[in-house]
Amino acid sequence: MKVLVIGPGGREHALVRSLRDDPFVTEVHAAPGNAGIARDVPVHAINAQDPAAVVALARDLGSSLVVVGPEAPLAAGVADALQQAGIPVFGPTRAAAQLEASKAFAKEIMAVAGVPTAMARVATDAAEAADALDAFGAPYVVKDDGLAAGKGVVVTQDRDAALAHAEECFAAGGSVVIEEFLDGPEVSLFVISDGHHAVPLAPAQDFKRIFDGDEGPNTGGMGAYSPLQWLPAGFVEDVMDRVAMPTITAMADRGTPFTGVLYCGLALTRRGIRVIEFNARFGDPETQAVLARLQTPLGSLLLAAANGTLDAVEPLTWRSETAVGVVLASARYPDSPVTGDVITGLDEAAALEGVSVLHAGTAVDDAGATVSAGGRVLAVVGLGEDLVAARERAYAGVGKIGLAGGQYRTDIALRASQGRIAVELEEN
Ligand code: AMP
Ligand code: GLY
């Protein structure tokens, strides 16, 4: 089987690596990829948001499966075009990707499907926003109702800051969703769906804020680990029964079946599981940690999802080790990342036992050096027998890498490794 991976980031590098390790996959290509992906497989410089360009490339390469990584090509209809061309595609149609592209749409589907989520109101002007903020009280949660790569959300105690974010979204011609605040640890669960059947991957936890101790602004994600030893027994089954399957069924019932990854962003509140958000794709950097442990050949799994035969797939198998991924980001990320700086030590880091280096925003400059080319530059993944060992390996890898002004968090998976994450459930 020949597979084409669409996207430029760390998630796509992880997908490429896992696909390359699949004995049933004969060739992996990527478009547009990045400097790290280009070291592993052939890359093709096309506009990945242009459905016709992706179809043409897949035809040229004779791809038997196209895996779409990011949300933007999905929202642009890349999966629709591939489907129409008769090319198996892993990733939802534009209509199904609305689950991520519009937070208001996601809330509607959750209401129809009876999926537990935060109470929310849509606001289209300052007066409505102020009303909603006062109805729910602090901490305030204000979300841009459009694609913002995880950066359109403001969570704050400051009512003026909450209102200012809403006004910015209105000024840009958008609307906002204002929500009740969900307390409790967050979990990302990736559910592979063929439109009707679904298979969960292992849960992961992401670290959204830029600074240690969950301080500073939200980012796309600064690190992740998997699995989560502190989850209550039956957690994944509960999410499948109460969140994923009702959502997948509701999407099929309205004639827009969801094929691809239903990324369930969840909070474990005192009152039980609540959906924070859905995404229509793999998460980044959770994918880098989750796929490091997956033993089942990835290509066959994604092809079964694309072909509607997930119900015939054997149960997934996983390595017993724990994976921790630490993101190295550019100076001044997430506001105005500095790019073009030389990255050193990549091979030294990757040569360490249990360490892999996955590229995100990297490029090769005219002199042939690998340089930073985006906000998040790399993820260094450590695989170890427990969280303590996996963290040590990941941070040993980060320690080998040089990037001027590079930023990373030193506390990825720290609290979990110390047994300090507790889930308290209220009896109700
Ligand atoms: P989203 O783009 O919806 O995933 O939001 C980004 C991040 O904002 C989430 O991962 C949470 O950390 C935080 N967040 C979003 N919604 C809520 C909420 N209702 N309560 C608490 N935190 C939230
Ligand atoms: N890690 C969060 C995301 O992929 O949206």
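Residues numbered from 1 in each chain as written. Chains lettered and ligands numbered in written order. Predicted model: local features only at pLDDT ≥ 70, side-chain atom pairs only at ≥ 80, totals over all residues. Heavy atoms only, no water.

Novice: What exactly am I supposed to notice about the pairing of strand β14 (residues 223–226) here?
Specialist: Residues in a regular strand point their side chains to alternate faces of the sheet. Residues Gly223 and Tyr225 line one face of β14 and the alternating positions Ala224 and Ser226 line the opposite face, and both faces are buried. Direction of pairing for strand β11 (residues 205–206) relative to β14: antiparallel, over a ladder of two bridges. Residue pairing across strands places Gln205 opposite Tyr225, the latter belonging to β14. (Buried < 20%, exposed > 50% of the residue type's maximum accessible area, 1.4 Å probe, protein only. Helix = DSSP H or I, 4+ residues; strand = E, 2+ residues; numbered from the N terminus. Pairing = 2+ DSSP bridges.)

Novice: Can you help me understand the environment of Glu237 in this one?
Specialist: Following the sequence through the fold, Glu237 ends up in helix α10 (residues 235–253). When the C-alpha atoms of Glu237 and Leu378 are compared, they prove to be 33 Å apart, with 141 residues separating the residues in sequence.

Novice: Quick question: what am I supposed to make of the site of ligand 2 here?
Specialist: As a structural note, the neighbourhood of ligand 2 is formed by Asp206, Lys208, Gly220, Tyr263, Asn279, Arg281, Gly283, Asp284, Pro285 and Glu286. Measuring from a nitrogen atom of ligand 2, one finds a side-chain N or O atom of Glu286 at 2.8 Å. Protein contact buries 95% of the 200 Å² of open area that ligand 2 shows by itself. (Near = heavy atom within 4 Å. Polar contact = N/O pair within 3.5 Å; in protein donor to acceptor, adjacent residues only side chain to side chain. Areas by Shrake-Rupley, 256 points an atom, 1.4 Å probe, with all protein chains shown as cover.)

Novice: How should I be thinking about the packing of helix α8 (residues 126–136) against helix α9 (residues 159–171) in this particular structure?
Specialist: In helix packing, the relevant descriptors are the interaxial angle and the interaxial distance, both defined with respect to the helix axes. Taken N-terminus to C-terminus, the directions of α8 and α9 make an angle of 145°; their axes are 10 Å apart at the nearest point. Note that α8 runs across α9; the crossing there is right-handed. Within the contact between the two elements, α8 uses Ala126, Ala129, Ala130, Leu133 and Asp134 and α9 uses Arg159, Ala162, Leu163, Ala166, Glu167 and Phe170. Taken together, the residues of the contact of α8 with α9 break down into eight nonpolar, no polar and three charged. (Axes fitted to C-alpha atoms, helices over the stretch in contact; angles between N-to-C directions. Left-handed = near helix turned anticlockwise from the far one by under 90°. Contact = heavy atoms within 4.5 Å. Nonpolar A, V, L, I, M, F, W, Y, C, P; charged D, E, K, R; others polar.)

Novice: Just checking my understanding: could you explain the sheet that holds strand β10 (residues 198–200) for this structure?
Specialist: The strands making up a sheet associate through hydrogen bonds between their backbones, and the pairing can be parallel or antiparallel. Sheet architecture is open: four strands sit in the order β10-β9-β15-β16, paired in antiparallel fashion. In the strand order of this sheet, the two ends are held by β10 and β16 (272–279), each with one partner. The sheet shows a mean angle of 30° between the axes of neighbouring strands, taken without regard to direction. Direction of pairing for strand β15 (residues 259–269) relative to β16: antiparallel, over a ladder of seven bridges. Across the sheet, Leu268 pairs through a bridge with Ile273, a residue of β16. Those strands touched by α10 are β9 (186–194), β10, β15 and β16, and its axis lies near 125° from that of β15. Where helix α12 (residues 298–307) meets the sheet, its contacts fall on β9 and β15, and the angle it forms with β9 comes to roughly 60°.

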